[in-house]
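Below are the chains, spelled out letter by letter.
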Amino acid sequence: MSIILMSDPRVAAIPVADCGEPLVDVRKSLLVDDRKADAANAFAHLRQGVLGRLLHAQSLLPGGLRLLFIEGYRPSHLQRRYFEEYADELRTANPAWTQEQVHEAASRFVSPPEIAPHSAGAAVDLTLVDADGRELDMGTRVNASPEESDGACYTDAPGLSDRARTNRATLGSALSSAGLINYCTEWWHWSVGDRYWALQTGQPAALYGPVDLPQQPRSSGR
């Protein structure tokens, strides 16, 4: 089966009919890791409907296992910075590549900012932990690039251990049953309601488009 990358023109061609769901803080509902934390705690937010699906997925996991939330919402300026930095790395390592080749290769690991599911509050990076909070063996760390992992970050990569493949399947079964889809170059990235989801599921439009995190009111304490 051929891989559809985020850079595929068919993804950008999907219209957005934003349903207006708010971004909500997931920290009271899910186990959240702080490795991607930012000053505004934007990382710990998702659209309300996405959180609901994650909670359903967690209820489907075998006893003793839980989802470990790594990153959800990502402001557009941060998405753009991540994409440009990775594209620069690829450009330096592959000076003969055209701009189109760089853009396509970069989209394996960082979504082009104009269509990024994270910036719509529709995507989440996550993994599994056991009852003691230890991360399960998934074959690579979360956010391992194709270069770092020699391609093992791809969800169905060959050469994984039986344990890693089983753990990925356990994660995928629960999330798929809850209606999320995986970006197959990143086993940890799942989304629902964004343009990529709409294309992959045959929907006429995305439910979620780029959104800004509301400013938190400042304390008037003395």
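For the structure, see preceding data.
By convention here, each chain's residues receive numbers from 1 onward along its written sequence. The predicted origin of the model limits local features to residues at a pLDDT of at least 70 and limits the giving and counting of side-chain atom pairs to 80 or more, whereas totals for whole chains, interfaces and linings rest on all residues. Hydrogens are left out, water is left out, and the side-chain values use all remaining heavy atoms of the structure.

Mind showing me how you'd approach the environment of Asp 34 here?
Here a strand is any run of E in DSSP of at least two residues, a helix any run of H or I of at least four, and the numbering for each starts at the N terminus. Mapped onto the secondary structure, Asp 34 falls in the loop between β2 (31-32) and β3 (45-47). A C-alpha to C-alpha distance of 8.5 Å links Asp 34 and Glu 71, two positions 37 residues apart in sequence.

Sorry if this is basic, but what is going on with the nonpolar core here?
The tendency in soluble globular proteins is for nonpolar side chains to be buried side by side. Grouped together as the largest cluster of nonpolar side chains are 55 residues, with contacts concentrated most on Leu 54, Val 124, Leu 126, Leu 171, Leu 175 and Leu 180. We call two residues in contact whenever any of their non-hydrogen atoms come within 4.5 Å of each other. Beyond its immediate chain neighbours, meaning those up to four positions away, Leu 54 contacts Leu 30, Leu 46, Leu 67, Val 124, Leu 126, Leu 175 and Leu 180. By nonpolar core is meant a set of buried Ala, Val, Leu, Ile, Met, Phe, Trp, Tyr and Cys residues that side-chain atoms within 4.5 Å join together. For every residue, the accessible area obtained with a 1.4 Å probe (protein chains only) is divided by the maximum for its type, and the residue is called buried under 20%, exposed over 50%, and partly exposed between those limits.

Explain the packing of helix α3 (residues 76-93) against helix α4 (residues 99-106) here, please?
If you want to describe how two helices pack, look at the angle between their axes and the distance between the axes. Helix axes are fitted to C-alpha atoms over the stretch in contact, other axes to C-alpha atoms as well, and angles between N-to-C directions run from 0 to 180 degrees. Between α3 and α4, whose axes approach to 9 Å, the crossing angle comes to 125°. For the element pair α3 / α4, the angle class is oblique. For the pair α3 and α4, the sense of crossing is right-handed. Residues Phe 83, Tyr 86, Ala 87, Leu 90 and Arg 91 of α3 form the contact with α4, whose own contacting residues are Gln 99, Val 102, His 103, Ala 105 and Ala 106. Taken together, the residues that form the contact of α3 with α4 break down as seven nonpolar, two polar and one charged. Relative orientations are named as follows: roughly parallel for angles under 35 degrees, roughly antiparallel for angles over 145 degrees, roughly perpendicular for angles from 65 to 115 degrees, and oblique for any other angle. Left-handed describes a crossing whose near helix is turned anticlockwise from the far helix by less than a right angle; the clockwise case is right-handed. Put simply, Ala, Val, Leu, Ile, Met, Phe, Trp, Tyr, Cys and Pro go in the nonpolar bin, Asp, Glu, Lys and Arg in the charged bin, and everything else, Gly too, in the polar bin.

Which parts of the structure should I look at to understand the pattern of salt bridges?
Two side chains of opposite charge can pair, provided their charged atoms sit close to one another. For salt bridges, the criterion is a side-chain nitrogen of Lys or Arg within 4 Å of an Asp or Glu carboxyl oxygen. This model, assessed by the stated rule, comprises 13 salt bridges. Across the salt bridge formed by Arg 35 and Glu 135, the nearest N and O atoms sit 2.4 Å from each other. Here Arg 35 is found in the loop between β2 and β3, whereas its partner Glu 135 is found in the loop between β5 (123-129) and α5 (146-149), with 100 residues between them in sequence. Residue classification places Arg 35 among the partly exposed residues on the basis of a relative accessible area of 38%. Among the residues examined, Glu 135 registers a relative accessible area of 40% and is labelled partly exposed. Arg 81 serves as the salt-bridge partner of Glu 85, at 3.4 Å between the closest nitrogen and oxygen. With a gap of four residues between them, Glu 85 and Arg 81 both fall in helix α3, about one helical turn apart. By relative accessible area, which is 44% here, Arg 81 ends up partly exposed.

Explain the state of the cysteines to me, please; I cannot follow it from the model alone.
Simply put, the disulfide is a covalent bond whose two ends are the sulfur atoms of two cysteines. Cysteine sulfur pairs qualify as disulfides if the two atoms are within 2.5 Å. Inspection of the entire model under this criterion finds zero disulfides. Summary of cysteine pairing: Cys 153 is not part of a disulfide, and the nearest cysteine sulfur, belonging to Cys 184, is at 10 Å.

Help me out: how do you make sense of the pairing of β5 in this one?
When a strand is regular, its side chains alternate between the sheet's two faces. For β5, a buried count of seven out of seven residues is recorded, marking the element as mostly surrounded by other parts of the structure. Burial of β5 is two-sided: the residues Ala 123, Asp 125, Thr 127 and Val 129 facing one way and the residues Val 124, Leu 126 and Leu 128 facing the other way are all buried. Only strands that DSSP links by at least two bridges are regarded as paired with each other. Of the strand pairs in this sheet, β5 and strand β7 (residues 189-191) are connected by three bridges, and their pairing is antiparallel. Bridging from a neighbouring strand, Asp 125 pairs with His 189 of β7.

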